[in-house]
Amino acid sequence: MPEHSLYQPTFSLMKTTCFFTRCMSASAAVAFFFTLIHSPLAKVLDDFNDNKVTGWEKFDFGSGNGFFEEEDGEFTIGMHQATGQPFFVAATYAGEKFTIEDGVTLEFRVDLIEANQAEAYAVVGFIPSDTPVSQLSGYSLAKDSNDVLLAKGLNKYFYDITEGDWIDTPDNITLSIMMTGKGNSVEITTRVFDIENNNALLFEKTVTDTPEADALDTGDDSPATSFIGKTGNFVLLLYHNDGTGALPASSITLDNAKVYQYESVMIDDFNDNKVTGWEKFDFGSGNGFFTEEDGQFTIGMHQPPGQPFFVAATYGAKTFTIEDGVTVEFSADLIVANQAEAYLVVGFIPNDSPVSQLSGYSLAKDSNDVLLAKGLNKYFYDITEGDWIEYPDNIRLVLTMTGSGTSVDVTTKVLDLENNQAVLFEKTITDTVEADVLDTGDDSPAASFIDRPGKFVLLLYHNDGSGALPASSVTIDNAHASVSGAGDKNQLPVISEVAPVTNSPFLPTSTKITFVVSDDQAIEPGGISITLNGTKYTTANGLAVAGTDKAREVSLGGLKANVNYHAVLAAADSEGESDTRNLYFDTFSEDAFVIESEDYNFDYGEFIQNPVVISELDEDGEINWSENSYIAMEGNLLIDYFDNDVGLNPATHRYRPYDGVTTAPALDMERAKYAEAGGGTKGVFDFALYELEDGEWVNYTRNFPKGDYLVYLRQALFTLTESIATMELVTGDTAEEDQTTDLLGTFIGSESGVDFRNVPLTNEDGSEPVILKLSGKTTLRITQRMTDPEDIYWKQNYLVFIKYVKPVQPTLALQVSSAVNGPYKTDGGAAIDEASRTITLGQAGTTQFYRLSGSAVKIKSIQVANGQVTLKYE
């Protein structure tokens, strides 16, 4: 090599005065979950495969002693000659700048293939653009064979660590420095990974650089402020740590310079020991619970349900969207499950799909299985063999979803928390727009969940196939999410704190629909609505909106008695982003005539007019019996019922153990008569019919009060898009076989997930409700007529008969227009009181013109007060 004159720097970077500590204990450090082995998509600055040095600016004090070389797909930073003192050569990537922002993680990585000697440091760092690289002001991770260091500047070192397992691995490692904006602070996590050992984590440490003067291991934190909001460059650096003047020239060989920039959200570290932000789903049973203590989160069950069951925790405050080129990653730590059949599930559930349907991407693990689900009984895979079986606890579940066109690449991982997050399991699949081949079930509907906003969900699944398991629980820590590749875009508004609970039955008419809308943008009251059974309510016709512009509190009252309601809650922000929620409930009277689905005839057409609710088991633990209860009554095949089931599994024939009809607890919302009888704590359960198949039927005989009735079947339907059951009048002898029947109507159900909903009795095509005229002793038959031969999840809880009163048609209609010449349309939200000759409606906020149609009347006066318009007519 030719000789070069050397510029003698006036500063020293000797190790005896350099490199760092402001150390935090591992327990104090906030956990992040983006290791090399489960990170979002990287931006590759340079993979060095073109063997041309491009885009890198060299700094070597102007000495000419530093050189760059790119060969065999690797990048070498070196020195031509030994300097006899400390020296460094820096490579600044000038083609792109990066900024550390609040709520965003910026991560720089590079692979250190080898260093030519022990005292040759490889450094990867963020250097602000307004600071010359010669000052080394910024955040820099440095490593040689004996030290791992984090610097903020010359002689300003957070830490200098010289002991650890990483000492045994000097080469073929990845250096990672992650910088996350936290208000005015920056949280810095440094990591070292072993490339040749499945990227096992060798070193990890987190510090926080606050706006105040922090305690450093070496030097003073002056100026104290962090580098939040600073724009800077990706810098690679060779540091030649020659304290004796005797070292030969140093060099380092690198590969794969990468940048990751993603929104990094600690959903919950559970350190405040308060359950906040999590919405519970437990079928409305009250059997699920959340607890948070000792910095951990437990999802559990109060009592064993004797069947499969789950409790879901949905984080409602933030919405995530899988978009083309965007990676969304969810993770959570499973600390312990109380039994082998207790699954922890980490999932992405779209907003437009209730968690009860389990439709989305869900990674589930118990002691014996790892599976990836797209829905109930729709599994991309269910794996039961692997080294991971020996690690049931203290593991991290990672679900990574990357949009790719109209498809989603889904990578699942299980990491060993007690072994430097070593990978125990990893598998990647692609969910395309076409119907993909699943290990279990059919991919229907086939489309991926690309562009579907959704939520972070944690779930306990109690996999009780025998009915004998004790109650399950899982203890969790560190729920975390990240988003990479997304542009700086408006966040979706979020609808939360919805009441009443969806699918609530028998609510009083005083119930109000309430919810909260939150967003990062202003939400105008006019952008919020509730569509109730087809009528849209806004602030113009009765919707109340309060709160601040970014946290609106919404309510609507005025419910009517004995109505089955479907409400669509909607909110749009100032940029047009929106969120919707579907809400189902009814205001049926507690005195309505109800037939429990499990209370079908017995003993050749016998029935109980007013059955009592009793506990399932007697004091000796045997099946209970009372002459006034249907429990343990025995029906007769082809007379009282028909069922294809010939096996009497005790776990699924609990209520009528001698009949082929499958009965088990309904997992529906608890009703008053069951609560008043003691509920689950007293062994009192609301049972339902399960495992329904085409052609099966049951007979119900009762004495009906004379009247006209609307009829609803309470059922839950999963994986089937439609179900059909018919109601028939039994005209033959109910004590004999081959009974004749007349068709009365059809129950056409739609998928509800595990939620129970009311399905009305209608004509055959569902276009009109059927009004039944009933009086005295009548036998009705429910026959299952499924549209799918697969018995998946179809459960029926009860029939409710609502007295039908023909509505009085108003003789008047109020029509409204924004222009005097029209066009006019009927205002369905106006309340017309013909007795007082008064019409009331909400104030629109703009000029409106009104007219009355249907009778020869005229408007006498219009008054506006308190957001309400009152019209009087004569």
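Scroll up to find the structure.
Residues numbered from 1 in each chain as written. Predicted model: local features only at pLDDT ≥ 70, side-chain atom pairs only at ≥ 80, totals over all residues. Heavy atoms only, no water.

Points about the sheet that holds strand 33 (residues 535–537)
Across the sheet, 4 strands lie side by side as 33-32-36-37; this open sheet has antiparallel pairing. Each edge of the sheet is formed by a strand with only one pairing partner; in this case those strands are strand 33 and strand 37 (578–586). Going from strand to strand, the sheet's axes swing by 20 degrees on average, the running direction of each strand aside. Sheet analysis places strand 32 (residues 528–532) next to strand 36 (residues 564–572), joined by 5 bridges and oriented antiparallel. Bridge assignment links isoleucine 528 to a residue of strand 36, and that residue is alanine 571. (Pairing = 2+ DSSP bridges. Helix = DSSP H or I, 4+ residues; strand = E, 2+ residues; numbered from the N terminus. Axes fitted to C-alpha atoms, helices over the stretch in contact; angles between N-to-C directions.)

Here's the deal with unusual backbone geometry
Residue serine 444 is joined to proline 445 through a cis peptide bond whose omega torsion reads -5 degrees. Mapped onto the fold, proline 445 is located in the loop between strand 27 (422–431) and strand 28 (454–462). Cis rather than trans, the peptide bond between alanine 499 and proline 500 has omega equal to 0 degrees. The phi dihedral of asparagine 562 is positive, around 60 degrees, even though this residue is not glycine. Mapped onto the fold, asparagine 562 is located in the loop between strand 35 (551–556) and strand 36. Although it is not a glycine, leucine 638 adopts a positive phi angle of roughly 70 degrees. Within the secondary structure, leucine 638 is located in the loop between strand 38 (593–596) and strand 39 (641–642).

Quick notes on the packing of aromatic side chains
A full pass over the atoms with the stated rule returns 44 aromatic pairs. Look at phenylalanine 283 and phenylalanine 310: their rings are 4.9 Å apart centre to centre, the planes differ by 55 degrees, and that puts the pair in the tilted class. Of this pair, phenylalanine 283 sits in the loop between strand 16 (278–281) and strand 17 (288–293) while phenylalanine 310 sits in strand 19 (residues 309–320); the two residues are 27 residues apart in sequence, bridging distant segments of the chain. With respect to class, phenylalanine 283 is no different from phenylalanine 310; both count as buried. Ring geometry for phenylalanine 506 against tyrosine 798: centres 6.1 Å apart, planes inclined by 35 degrees, an arrangement best described as tilted. Taken together, the residues span a long stretch of sequence, with phenylalanine 506 in the loop between strand 30 (494–499) and strand 31 (513–518) and tyrosine 798 in strand 47 (residues 793–803) at a distance of 292 residues. Considered together, phenylalanine 506 and tyrosine 798 belong to a single accessibility category, that of buried residues. Every member of this aromatic cluster is reached through a ring pair, and the members are Phe48, Trp56, Phe68, Phe75, Tyr93, Phe98, Phe108, Phe126 and Phe234. Against the face of tyrosine 260 rests arginine 109, its NZ or CZ located 3.8 Å from the ring centre. (Phe/Tyr/Trp six-rings, centres within 6.5 Å; stacked < 30°, edge-to-face > 60°. Buried < 20%, exposed > 50% of the residue type's maximum accessible area, 1.4 Å probe, protein only. Lys NZ or Arg CZ within 6 Å of the ring centre and 35° of its normal.)

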